[in-house]
Amino acid sequence: MSGFVTRFAPSPTGLLHLGHAASALRVQDLAQAAGGTIRLRIEDIDTARCRPEFEAAILEDLAWLGLEWQGPVRRQSEHFEAYAQVIDKLHQRGLAYRCFRTRREVAAEADRAPHQREAVFRGSPLPVAEEQARLSAGDPHAWRLSIAAARDWLGADADNLVYTETGMPGETQVRVATDTLSDVVIGRKDSPASYHLAACHDDALQGVSHVIRGEDLVPSTPVHVLLQALMGWPRPVYHHHRLLLDENGKRFAKRDASVTLRHLRESGVTPEQIRRMTSRP
Ligand code: GLU
């Protein structure tokens, strides 16, 4: 076994479709080529949208497809305590704050600089007495990472964070522009964690050396690299693959039953045919 450890991390909010198959097969192929290990992680922190029957279907579909993962399946909803502890550590260091704002308020307060695609939201904790009053009133709050505090804490390193993007083969170094990040949610109002926090906590815990995922997640990577730097977690190498698109150039959607692996399998399509359907032209 090499030191190459990667993972496949689906969310059980629906059935897997051809886009997921393309990603899972990429994980499988790259791990195999490197003589590495695959971990399977169920990203089910959104307990309102995730369902056990989707998880069962995912495990069945992946086994059918031929994804060979090692070790136990990690289910994030069983580890909320671990994520809460990370938030607590960040809070104690002044790097995280409770945010009572609604989505609409956050959007209204975000600034869009002329050269930036995304509006940037930067907030701050409420004064102690006000925060206490809101907590006593039972008002829901999220936890946000304070980018300003994080940059202060990192000092000169804040402008020198770099991660490796590998095309396997061929590597590029990508600089993380922490000054353009928003105060991201690390604990949701409706869940004790957020995708960002749970994913990079688990990548560190599971010893992931290579994160292989779709290029739709490229905008998340700077946040993950920043969290790794703040928490002293190792920084994996990243490989963001192109997304598989349908004949109209659109991404596959979980609600489109005709492209789910379950439907295709039941219609007699074989895993080899799925491999051909998902391989690049
Ligand atoms: N759970 C995410 C998804 O299903 C994947 C996250 C990741 O690979 O980092 O899109």
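Preceding this paragraph is the structure being described.
Reference entry: report on the structure contained in this document. These numbers were taken from a predicted model, which means no experiment stands behind them. (Residues numbered from 1 in each chain as written. Predicted model: local features only at pLDDT ≥ 70, side-chain atom pairs only at ≥ 80, totals over all residues. Heavy atoms only, no water.)

1. Overview of the state of the cysteines
- Scanning the model with the defined rule gives zero disulfides in all.
- Of all cysteine sulfurs in the structure, the one in cysteine 200 sits closest to cysteine 99, which takes part in no disulfide; the separation is 19 Å.
- In this model cysteine 200 remains outside any disulfide bridge; the closest cysteine sulfur is found in cysteine 50, 18 Å from its own. (Disulfide = S-S within 2.5 Å.)

2. Description of the packing of aromatic side chains
- In this structure the tally under the stated criterion is one aromatic pair.
- Taken together, a centroid distance of 5.3 Å and an interplanar angle of 75 degrees make the contact between tyrosine 163 and tyrosine 238 edge-to-face. Of this pair, tyrosine 163 sits in strand 6 (residues 162–166) while tyrosine 238 sits in strand 10 (residues 237–241), and the two are 75 residues apart along the sequence.
- Relative accessible area serves as the criterion here: at 0%, tyrosine 238 is assigned to the buried category.
- The cationic tip of arginine 265 hangs over the ring face of tryptophan 64; the distance from NZ or CZ to the ring centre is 5.6 Å. (Phe/Tyr/Trp six-rings, centres within 6.5 Å; stacked < 30°, edge-to-face > 60°. Helix = DSSP H or I, 4+ residues; strand = E, 2+ residues; numbered from the N terminus. Buried < 20%, exposed > 50% of the residue type's maximum accessible area, 1.4 Å probe, protein only. Lys NZ or Arg CZ within 6 Å of the ring centre and 35° of its normal.)

3. Structural notes on the site of the ligand
- Taken together, Arg7, Ala9, Pro10, Ser11, Glu43, Tyr195, Arg213 and Leu217 make up the full set of residues adjacent to the ligand.
- Between arginine 7 and the ligand, the recorded distance is 2.8 Å, taken from a side-chain N or O atom to an oxygen atom.
- A distance of 2.9 Å separates an oxygen atom of the ligand from a polar atom in the side chain of arginine 213.
- About the coverage of the ligand: the protein hides 77% of its 300 Å² of free accessible area. (Near = heavy atom within 4 Å. Polar contact = N/O pair within 3.5 Å; in protein donor to acceptor, adjacent residues only side chain to side chain. Areas by Shrake-Rupley, 256 points an atom, 1.4 Å probe, with all protein chains shown as cover.)

4. Regarding the pattern of salt bridges
- A full pass over the atoms with the stated rule returns 20 salt bridges.
- As a salt-bridge pair, glutamate 43 and arginine 41 come within 3.0 Å of each other at their nearest N and O atoms.
- With relative accessibility at 9%, the residue glutamate 43 sits in the buried group.
- Among the ionic contacts, a cluster of salt bridges with common partners joins Arg7, Arg41, Glu43, Arg74, Asp202 and Asp203. (Salt bridge = Lys/Arg side-chain N within 4 Å of Asp/Glu carboxyl O.)

5. Some thoughts on the sheet that holds strand 3 (residues 74–75)
- In spatial order, the strands read 1-2-3; together these three strands make up an open sheet with parallel pairing. What marks the edges here is a single partner per strand, and that holds for strand 1 (5–8) and strand 3.
- Relative to strand 2 (residues 37–42), strand 1 runs parallel, the two being bridged by four bridges. In the sheet register, phenylalanine 8 faces strand 2, and the bridge partner there is leucine 40. (Pairing = 2+ DSSP bridges.)

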